[in-house]
Amino acid sequence: QIVPLWIAPNLLTFSGFVMILVNYFLISFYDWDYTASGTSPGLVPTWVWLFSAFTTFCAYALDSIDGKHARRTQSSTPLGELFDHGLDSWATSIFVLSFFSVCSRDNGKTGVSVYTMYIYLSIVLFNFMCSHWEKYNTGVLFLPWGYDISQVVLITAYLLTGAVGVEVWQKPFLFGYYITDALVVLLIGFSLFLSFPQTLYNIHRAHLKKTLKNDSLYEGLLPLVSPLLLFILLTVWVVLSPGNILAKQPRLFLWMVGVAFSNVICKVIICQMSSTRPELFHWFLFPLALVVYAAISGLLGWTEEAVLAIFTVLVTAAHVHYGVCVGRQLSEHLNIYIFSLKKRVQE
């Protein structure tokens, strides 16, 4: 009720995303390789953790009210839905990558290994994918409580770190286990025993009620092909990399994972909204497969890190370009502006 009626809902959504992005790059400045909290606890200033809590809360609040504000201003459109979920698909990975700086990477005594980080990120992205795969088949977006819980946990973690220091993550919490161990167990448990089973149950229930949008098994599973192939290719690169690329450039590699996943899922979201069939193989898979083959076969040699950097920049630029183009096309088609409630003047 405190948001002025002249503000466009997409402006709320985008503002929250920008705050997440600013926070991520700020943390990256102080902790590029995820070692600051473990080896140099005072390297990241206290105000950065408090700023992280503030931006996470604001982004969470803005993401929660943008839809309500759209209905309040009678400006709900497919563009707003895509804008919201599309940015969420990218923000999901950024939230996780920012949090890794709190617990730091494994230094032999404390911290989380880069491989655990990769698995952690993959599980979070898998949960996001399941929600939109479910909507593709049922027409209903069922959002589990996991999202709200994760946001509360993130905000609490940042506040705790700001108040006590990163040392709280480097001391055994209970029975010799660390807080990070408990969080990983909770994440895996929630995914395997609550989120994914709920998705399957909702699809099964829609099948019994004959309300499924896709009758054939092939059509229903089609949106999963590209995300799963993406995960397989990335995992092959992580496991078979001669230069141990994930250990050398964890932030760069994990950023690339999040961006590539976001673009793949955005295509699924558009197909779900427009009731069209998704493509079997996303175009990202082909250049990625070439890069992975060149890396694991040893063709890249010492240039593997440089190739990763170039590929990451290209993937990010392609994703931003895709988002801008889709946004402009939809705004022209619907005769609206993206960040304004004014109507376009038809020519």
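The structure under discussion appears in the preceding block.
One structure accompanies this document, and this report is about it. Please read all numbers here as calculations on a predicted model, not as lab measurements.

## So, the overall build of the protein
Thinking step 1. When you go through the protein residue by residue, the secondary structure sums to twelve helices and zero strands.
Thinking step 2. When its helices and strands are written in sequence order, the protein yields α-α-α-α-α-α-α-α-α-α-α-α.
Thinking step 3. For 347 residues, the compact-globule estimate of 2.2 N^0.38 gives 20 Å, and the protein sits close to it at 21 Å.
Thinking step 4. Looking at the protein as a whole, 50% of its 347 residues are labelled buried.
Thinking step 5. In the protein, 79% of the contacts between residues at least 6 apart in sequence involve partners at least 24 apart.
Thinking step 6. Taken as a whole, the protein presents about 17,600 Å² of accessible surface, with 70% of it coming from carbon and sulfur.

## A word on the environment of Ala53
Thinking step 1. Looking at the secondary structure, you find Ala53 in helix H3 (residues 46–72).
Thinking step 2. Considered as a pair, Ala53 and Glu279 are 226 residues apart in the sequence and their alpha carbons are 39 Å apart.
Thinking step 3. In contact with Ala53, other than residues within four places in its own chain, are Ile155, Tyr158 and Leu159.

## Comments concerning the pattern of salt bridges
Thinking step 1. This model, assessed by the stated rule, comprises three salt bridges.
Thinking step 2. Across the salt bridge formed by Glu81 and Lys135, the nearest N and O atoms sit 2.5 Å from each other. Separated by 54 residues along the polypeptide, Glu81 in helix H4 (residues 78–103) and Lys135 in helix H5 (residues 114–138) bring together distant segments of the chain.
Thinking step 3. Note that Glu219 is salt-bridged to Arg277, the shortest N-O span being 2.4 Å. With Glu219 in helix H8 (residues 217–240) and Arg277 in the loop between helix H10 (250–274) and helix H11 (285–296), the pair connects residues that are 58 residues apart, well separated along the chain.
Thinking step 4. Relative accessible area serves as the criterion here: at 16%, Glu219 is assigned to the buried category.
Thinking step 5. Here Arg277 falls in the exposed class, since its relative accessible area comes to 54%.

## Here we look at helix H7 (residues 179–208)
Thinking step 1. Helix length check: H7, at 30 residues, gives a terminal C-alpha distance of 42 Å against a target of 44 Å (1.5 Å per residue), a fit within 8%.
Thinking step 2. The largest bend in H7 is about 40 degrees, located at Ser191.
Thinking step 3. Residues of H7 that are buried: Ile179, Thr180, Leu183, Leu187, Ser191, Ser195, Thr199, Asn202, Ile203 and Ala206.
Thinking step 4. Once H7 ends, the next one or two residues include Lys210, with phi positive near 60 degrees.

## Let's talk about the environment of Asp215
Thinking step 1. The topology assignment puts Asp215 in the loop between H7 and H8.
Thinking step 2. As a C-alpha pair, Asp215 and Asn137 span 78 residues in sequence and 8.9 Å in three-dimensional space.

## Section: the packing of aromatic side chains
Thinking step 1. Applying the stated rule across the entire model yields 19 aromatic pairs.
Thinking step 2. Here the aromatic rings of Phe14 and Phe339 are separated by 5.4 Å at their centres, their planes lie at 50 degrees, and the arrangement is tilted. Of this pair, Phe14 sits in helix H1 (residues 9–30) while Phe339 sits in the segment after helix H12 (304–333), and the two are 325 residues apart along the sequence.
Thinking step 3. Under the relative-accessibility criterion, Phe14 is labelled partly exposed at 34%.
Thinking step 4. Between the aromatic rings of Phe29 and Tyr30, the centroid separation amounts to 5.2 Å while the plane-to-plane angle is 85 degrees, which identifies the pairing as edge-to-face.
Thinking step 5. Taking the relative accessible area as the measure of exposure, Tyr30 reaches 24% and is therefore partly exposed.
Thinking step 6. Every member of this aromatic cluster is reached through a ring pair, and the members are Phe17, Tyr24, Phe25, Trp90 and Trp255.
Thinking step 7. Positioned over the ring face of Tyr34 is Arg251, at 4.1 Å from the centre of the ring.

## Examining the packing of H4 against H12
Thinking step 1. The contact between H4 and H12 brings their axes to 10 Å, and the two run at 170 degrees. It follows from the interaxial angle that H4 and H12 lie roughly antiparallel. Contacts from Leu79, Leu82 and Trp90 of H4 reach H12 at Thr316, His319, Val320, Val326, Gly327, Leu330 and Ser331.

## Let's talk about the layout of surface pockets
If a probe as big as a water molecule is rolled over the atoms, it shows which places are left empty.
Thinking step 1. If you add up the space inside the second largest pocket, you get close to 440 Å³.
Thinking step 2. Looking at the second largest pocket, it is lined by 20 residues, and the ones nearest its centre are Phe83, Leu87, Val320, Gly323 and Val324.
Thinking step 3. Mapped onto the lining of the second largest pocket, the elements with two or more residues apiece are H1, H4, H10 and H12.
Thinking step 4. In terms of residue count, H12 provides more of the lining of the second largest pocket than any other element does, eight residues in total.
Thinking step 5. Considered class by class, the residues forming the lining of the second largest pocket number 15 nonpolar, four polar and one charged.

What counts as what
Residues numbered from 1 in each chain as written. Predicted model: local features only at pLDDT ≥ 70, side-chain atom pairs only at ≥ 80, totals over all residues. Heavy atoms only, no water. Helix = DSSP H or I, 4+ residues; strand = E, 2+ residues; numbered from the N terminus. Rg over C-alpha atoms; globule rule 2.2 N^0.38 Å. Buried < 20%, exposed > 50% of the residue type's maximum accessible area, 1.4 Å probe, protein only. Contact = heavy atoms within 4.5 Å. Areas by Shrake-Rupley, 256 points an atom, 1.4 Å probe, with all protein chains shown as cover. Salt bridge = Lys/Arg side-chain N within 4 Å of Asp/Glu carboxyl O. Expected span 1.5 Å × (residues − 1). Bend = angle between axes of the 7 residues up to and from the residue. Phe/Tyr/Trp six-rings, centres within 6.5 Å; stacked < 30°, edge-to-face > 60°. Lys NZ or Arg CZ within 6 Å of the ring centre and 35° of its normal. Axes fitted to C-alpha atoms, helices over the stretch in contact; angles between N-to-C directions. Parallel < 35°, antiparallel > 145°, perpendicular 65-115°, else oblique. 1 Å grid on protein atoms, 1.4 Å probe; cavity = no way out; pocket = protein on both sides within 12 Å on 5 of 7 lines; lining within 4 Å. Points joined across faces, edges and corners; volume = space filled by probe spheres on them. Nonpolar A, V, L, I, M, F, W, Y, C, P; charged D, E, K, R; others polar.

These figures capture arrangement, not role.
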